[in-house]
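Here's the letter readout for the chains.
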2 protein chains.
Amino acid sequence: MDDQALFESTLRRVAVFDGSSDADIKAVARLGILRTVEEDGFFFMQGDPAEYLYIMLNGRAKLCQIALDGQQVNLRTLNPNELFGAVGAVEKNAPYPACAQALQDSSAIAIPSDPFHTLLEQRPHLSFGLMKLMTSYIQEMQDRYRESVTEKVEQRIARVLLRLAGQTGKRVEQGVRIELPFSRQDLAEMAGTTLYTVSRTLSAWEKQGLIATGRERVTLTHPHAVMRLAEGLE
Amino acid sequence: MDDQALFESTLRRVAVFDGSSDADIKAVARLGILRTVEEDGFFFMQGDPAEYLYIMLNGRAKLCQIALDGQQVNLRTLNPNELFGAVGAVEKNAPYPACAQALQDSSAIAIPSDPFHTLLEQRPHLSFGLMKLMTSYIQEMQDRYRESVTEKVEQRIARVLLRLAGQTGKRVEQGVRIELPFSRQDLAEMAGTTLYTVSRTLSAWEKQGLIATGRERVTLTHPHAVMRLAEGLE
DNA sequence: GGCCGTGTTTGCTCAAGCACAAACAATAAA
DNA sequence: TTTATTGTTTGTGCTTGAGCAAACACGGCC
């Protein structure tokens, strides 16, 4: 399968292009070029001019911000078929407000912002897809913000595990295993805490038999109990 | 001046309609109805079906979320000429993801989501305005999230004061006064902390001579020093 | 003026979770 | 196999800031 065909079939699976015509899909696919990034590499850095928007093909990346003092904050993980880095298409010469770093060797369709912007002007339907994506993202960020302010660390760590299990979890006989290698440091960034606290918390839960851990591995043996923790019910 | 004319002249000052044609403005204004809400009343509640979007005329409101346990989290303050509650125009039957509560007697233009949605389909330019608003809001939320995770309470309180001073501050001889009555509780919700901590912090700063406080009043006598605090430089 | 309600301050206590250090385990490289 | 590297656990001390309760101050109202 050549790139063109691969792009088209991928785009059809992207929420933003839901309900787009064949012509729309083809038009977008024609703009795309293949971009591969190896583990720990960056699709783009915070502050770079947003010259492309991306659709993840394979692999996984994290969207993160870097504070002035160098601390990293993880905003979300990017999975296959997700669109990211769309600021440039909306506003010319805008900088990316965050950086996208590959968690493993990854590839994505890169679409130049300028021609995509033109396409948006011609096909209003595409804009609605984008706006829906944006509103859902706004809601996610609002929820994350509320959680970070009102909830305790324990709840937030539980939430992170559940989110990861939902995105990349795999049913095994012991429960649900999170397939990707996330270090305690990664988990800490996602939950907005330190690796020490994550380590301690996971150890405690393992002693209680709720989860099973290993190097860069977590399995939820009692997902329901973790859900109760996330709700702050105990 | 009748409502129609008032609406039109207001809409021209709204960022979303920047660059919109006269016809566009008139079309939108025709959809609007006047909505007034008295202090502490709600334009809408979290979870309500998003049947209208609003443009603030007079007064001020806060956009906030309520956690399961009843805790309030303040997301942002809404000032005159700002558009809010636009989810409904993008996605049919969507619920508002937050509530909008008036901080003082306020009025706004209410535009029914359905016909506005139709308008968006016909005039792509409007969509870009909305998308720009959304991206800026996303960035704001990302920043707020990062701040809540990486910064100390002191810095966050300083930021809140600066933001308010920027939005509603008035130059007086002693410095910059925040005109609106914000209680310690309000400030705490904005900074994501408790009213006790806010009170203590402000007292300390007052002793240092950086600010002057009163009942529901704050004046920044040394704005520059507060900026340094916000940056975490001391 | 005196009273009341609402907002504010402050002292005290306590738990959460951060920071550092050091030991330990698993994997990769030589 | 040995060694290096990277990730994980755990102990200790300590700071931050939340929670509660009680006193206080300001403004409006009778």
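Preceding this paragraph is the structure being described.
One structure accompanies this document, and this report is about it. (Residues numbered from 1 in each chain as written. Chains lettered and ligands numbered in written order. Predicted model: local features only at pLDDT ≥ 70, side-chain atom pairs only at ≥ 80, totals over all residues.)

**Let's talk about the sheet that holds strand E11 (residues 211-214) of chain A**
All names here are of chain A. The strand order across the open sheet built from four strands is E9-E10-E12-E11, with neighbouring strands paired in antiparallel fashion. Each edge of the sheet is formed by a strand with only one pairing partner; in this case those strands are strand E9 (169-172) and E11. Ignoring strand direction, the axes of neighbouring strands in this sheet form an average angle of 25°. Judged from the three bridges that link them, strand E10 (residues 175-178) and strand E12 (residues 217-220) form a sheet pairing that is antiparallel. Pairing of isoleucine 178 across the sheet is with valine 218, part of E12. (Pairing = 2+ DSSP bridges. Helix = DSSP H or I, 4+ residues; strand = E, 2+ residues; numbered from the N terminus. Axes fitted to C-alpha atoms, helices over the stretch in contact; angles between N-to-C directions.)

**Quick look at helix H6 (residues 153-168) of chain B**
Along its 16 residues, H6(B) runs 22 Å from first to last C-alpha, staying within 8% of the 22 Å computed at 1.5 Å per residue. Residues of H6(B) that are buried include every one of B:Arg156, B:Ile157, B:Ala158, B:Arg159, B:Val160, B:Leu161, B:Leu164 and B:Ala165, and no others. (Expected span 1.5 Å × (residues − 1). Buried ≥ 20, exposed ≤ 12 C-beta atoms within 10 Å, placed from the backbone.)

**Let's talk about the protein's contact with DNA strand D**
Not every one of the 20 residues close to DNA strand D is listed here, only the nearest: A:Ser183, A:Arg184, A:Ser203, B:Val153 and B:Thr197. When residues in the surface near DNA strand D are grouped by element, the largest group, six residues, is from helix H8 (residues 195-207) of chain A. Taken together, the residues of the surface near DNA strand D break down into five nonpolar, eight polar and seven charged. (Near = placed C-beta within 6 Å. Nonpolar A, V, L, I, M, F, W, Y, C, P; charged D, E, K, R; others polar.)

**Brief notes about the packing of helix H6 (residues 153-168) of chain A against helix H9 (residues 223-230) of chain A**
Residue and element names in this part refer to chain A. Direction vectors running N to C along H6 and H9 enclose 135°, while the axes themselves pass 8 Å from each other. Taken together, the axes of H6 and H9 lie oblique to each other. Crossing hand, H6 versus H9: left-handed. Contact residues: H6 offers Glu154, Gln155, Ala158, Arg159, Leu161, Leu162 and Ala165, while H9 offers Pro223, Val226, Met227, Leu229 and Ala230. For the contact of H6 with H9, the per-class residue count stands at nine nonpolar, one polar and two charged. (Parallel < 35°, antiparallel > 145°, perpendicular 65-115°, else oblique. Left-handed = near helix turned anticlockwise from the far one by under 90°. Contact = placed C-beta atoms within 7 Å.)

**Thoughts on the pairing of strand E7 (residues 99-102) of chain B**
All names here are of chain B. On E7, burial covers both faces: Cys99 and Gln101 on one face and Ala100 and Ala102 on the other are all buried. Both strand E2 (residues 42-44) and E7 contribute to a ladder of two bridges, which runs antiparallel. Within E7, the residue paired with phenylalanine 42 across the bridge is glutamine 101.

**Thoughts on the interface of chain A and chain B**
The interface of chain A with chain B comprises 31 residues on the first partner and 31 residues on the second. Contributions of two or more residues to the side of chain A that touches chain B are made by strand E5 (72-78), helix H3 (87-90) and helix H5 (124-150) of chain A. Per-element tally for the side of chain A that touches chain B: the top contributor is H5(A), with 19 residues. When the residues that make up the side of chain A that touches chain B are grouped by side-chain class, the tally is 17 nonpolar, nine polar and five charged.

**A word on the environment of B:Glu8**
Residues and elements named next belong to chain B. Among the structural elements, glutamate 8 can be located in helix H1 (residues 3-11). Residue glutamate 8 is classed as partly exposed on the basis of its C-beta count, with 17 C-beta atoms lying within 10 Å. For the pair glutamate 8 and tyrosine 52, spaced 44 residues apart in the sequence, the C-alpha separation amounts to 18 Å. If near-sequence neighbours (up to four positions away) are discounted, glutamate 8 is found in contact with Ile25, Lys26 and Ala29.

**Focus on the relation of the copies chain A and chain B**
Laying chain A over chain B is done by rotating through 180° and shifting 0.1 Å along the axis; what remains is an RMSD of 0.1 Å. Both copies are brought into coincidence by an operation consistent with a two-fold rotation axis. Take the interface residues of chain A: 100% of them recur as interface residues in chain B, which is what a same-surface contact looks like. (Least-squares fit on C-alpha atoms with pLDDT ≥ 70 in both.)

**A few points about the protein's contact with DNA strand C**
In the vicinity of DNA strand C, 20 residues are found, and the nearest of them are A:Val153, B:Ser183, B:Arg184, B:Ser199 and B:Ser203. Looking at the surface near DNA strand C, the elements that each hand over two or more residues are H6 and H8 of chain A together with helix H7 (184-191) and helix H8 (195-207) of chain B. With six residues, the top contributor of residues to the surface near DNA strand C is H8(B). A breakdown of the residues in the surface near DNA strand C according to their chemical character gives five nonpolar, eight polar and seven charged.

**Considering the sheet that holds strand E6 (residues 83-84) of chain A**
Residue and element names in this part refer to chain A. Taken together, the four strands give an open sheet; going across it, the order is E1-E8-E3-E6, and neighbouring strands pair in antiparallel fashion. Of all the strands in the sheet, just strand E1 (33-37) and E6 have a single pairing partner and so form its edges. With five bridges connecting them, E1 and strand E8 (residues 106-112) associate as antiparallel partners. Paired with leucine 34 across the bridge in E8 is isoleucine 109.

**Considering the nonpolar core**
By size, the foremost hydrophobic cluster in this structure holds 94 residues, and its most contacted members are A:Tyr54 and B:Tyr54. Residues in contact with A:Tyr54, not counting those within four places in the same chain, are A:Phe43, A:Phe84, A:Gly85, A:Ala108, A:Ile109 and A:Ala110. (Core = buried A, V, L, I, M, F, W, Y, C linked by C-beta atoms within 7 Å.)

Function-wise, these values are silent; they only describe arrangement.
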